[in-house]
Amino acid sequence: MTVHGGHLPDPAARAFDALGADYERAFADLPEQLAALDWLLAELPEGARVLDVGSGTGRPTAERLVAAGHRVTGCDVSTTMVELARERVPGARFELVDVRELPAAPESLDAVTAFFPLLQMPRADQARVLADLADRLVPGGLLAVATVPADVEGVDLVWLGQPVRCTSFPAPAFRALVESTGLRVEHERHGEFTPDFPGAVPEEHLFLLARKPLN
């Protein structure tokens, strides 16, 4: 889970600044994320333009996409994460910016990856971000998005030793939200993963792989 946004409370960005490289280690080898990347790499055109929302340390998403010859821009609100990503994946571009503050760019991207970036946004913002990301895709463009499915709104908890405030949707509602943008969900994957971090508990994950229709 990566947090985004200048509109988020300071503790949200501070949590990921504090975690730094520990976040990368905690979520290394996440099976459903690696499978989502395999799907993208099999489907993307050569030299695709990809936006990685909540890019974290750049690994594994930006790193694998750049290695395959794609043009990747990452955005994150954690200064530490952006600095680490620039060091780890010099072939990509990483910006310290809230995805909600990106200028409009309709049909400018071949793909968007968004692995857990919405969880600390209000539900209305999650809906607006998904609609904006769909608008940025060219016809036939791809979205790989992940969340922790749950019927929760503004719940304070301690996650990987850091205080965070989480909001999400049950799995059917989240899929319906993605489909409401006009995208067609082609694969829905569920999994459970325990981060490699002291005291971490198992997390339920939902990955949706979607495509923008050609017409």
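Everything discussed here concerns the structure shown above.
Residues numbered from 1 in each chain as written. Predicted model: local features only at pLDDT ≥ 70, side-chain atom pairs only at ≥ 80, totals over all residues. Heavy atoms only, no water.

The subject of this paragraph is the packing of aromatic side chains. Scanning all chains against the criterion turns up nine aromatic pairs. Seen in terms of ring centroids, Tyr23 and Phe27 are 5.2 Å apart; in terms of plane orientation they differ by 35 degrees. Their pairing is tilted. Taking relative accessible area as the criterion, Tyr23 reaches 11% and is therefore assigned buried. Judged by centre distance (5.8 Å) and plane angle (45 degrees), the ring pair of Phe115 and Phe207 falls under tilted. (Phe/Tyr/Trp six-rings, centres within 6.5 Å; stacked < 30°, edge-to-face > 60°. Buried < 20%, exposed > 50% of the residue type's maximum accessible area, 1.4 Å probe, protein only.)

Look at helix α6 (residues 123–136) against helix α7 (residues 171–179): their axes get within 9 Å of each other, and the N-to-C directions meet at 40 degrees. In this view, α6 runs oblique relative to α7, as classed from their interaxial angle. Judged by residue contacts, Gln126, Ala127 and Leu130 of α6 engage Phe174, Leu177 and Val178 from α7. (Axes fitted to C-alpha atoms, helices over the stretch in contact; angles between N-to-C directions. Helix = DSSP H or I, 4+ residues; strand = E, 2+ residues; numbered from the N terminus. Parallel < 35°, antiparallel > 145°, perpendicular 65-115°, else oblique. Contact = heavy atoms within 4.5 Å.)

Looking along a regular strand, one sees the side chains alternate between the two faces of the sheet. Burial runs high along strand β9 (residues 203–211): eight of the nine residues are buried. Pairing geometry for strand β5 (residues 137–147) and β9, over six bridges, is antiparallel. Paired with Leu142 across the strands is Arg211, a residue of β9. The pairing of strand β8 (residues 184–193) with β9 spans nine bridges and is classified as antiparallel. Directly across from Arg189, in β9, lies its bridge partner Phe207. (Pairing = 2+ DSSP bridges.)

Another aspect to go through is unusual backbone geometry. It is generally the case that most residues other than glycine have a negative phi and that most peptide bonds are trans. The amide bond that connects Arg59 to the next residue, Pro60, takes the cis arrangement and shows omega of 0 degrees. The topology assignment puts Pro60 in the loop between β1 (49–53) and α4 (61–67). Its identity is not glycine, yet Phe116 carries a phi of approximately 70 degrees, on the positive side. Structurally, the position occupied by Phe116 is in the loop between β4 (109–115) and α6. Positive phi values are uncommon outside glycine, yet Leu160 reaches one of about 50 degrees.

Here we come to the sheet that holds strand β3 (residues 93–96). With mixed pairing, the seven strands of this open sheet are ordered in space as β3-β2-β1-β4-β5-β9-β8. Both outer strands of the open sheet, β3 and β8, are each paired with one neighbouring strand and no more. The mean inter-strand angle of the sheet, taken between neighbouring strand axes irrespective of direction, is 15 degrees. Note that β1 and strand β2 (residues 71–76) share five bridges and pair parallel. Residue pairing across strands places Arg49 opposite Arg71, the latter belonging to β2. Contacts from α6 reach β1, β4 and β5, with the element oriented near 145 degrees to β5. Its contacts with the sheet put α7 on β5, β8 and β9, and the angle it makes with β9 is roughly 25 degrees.

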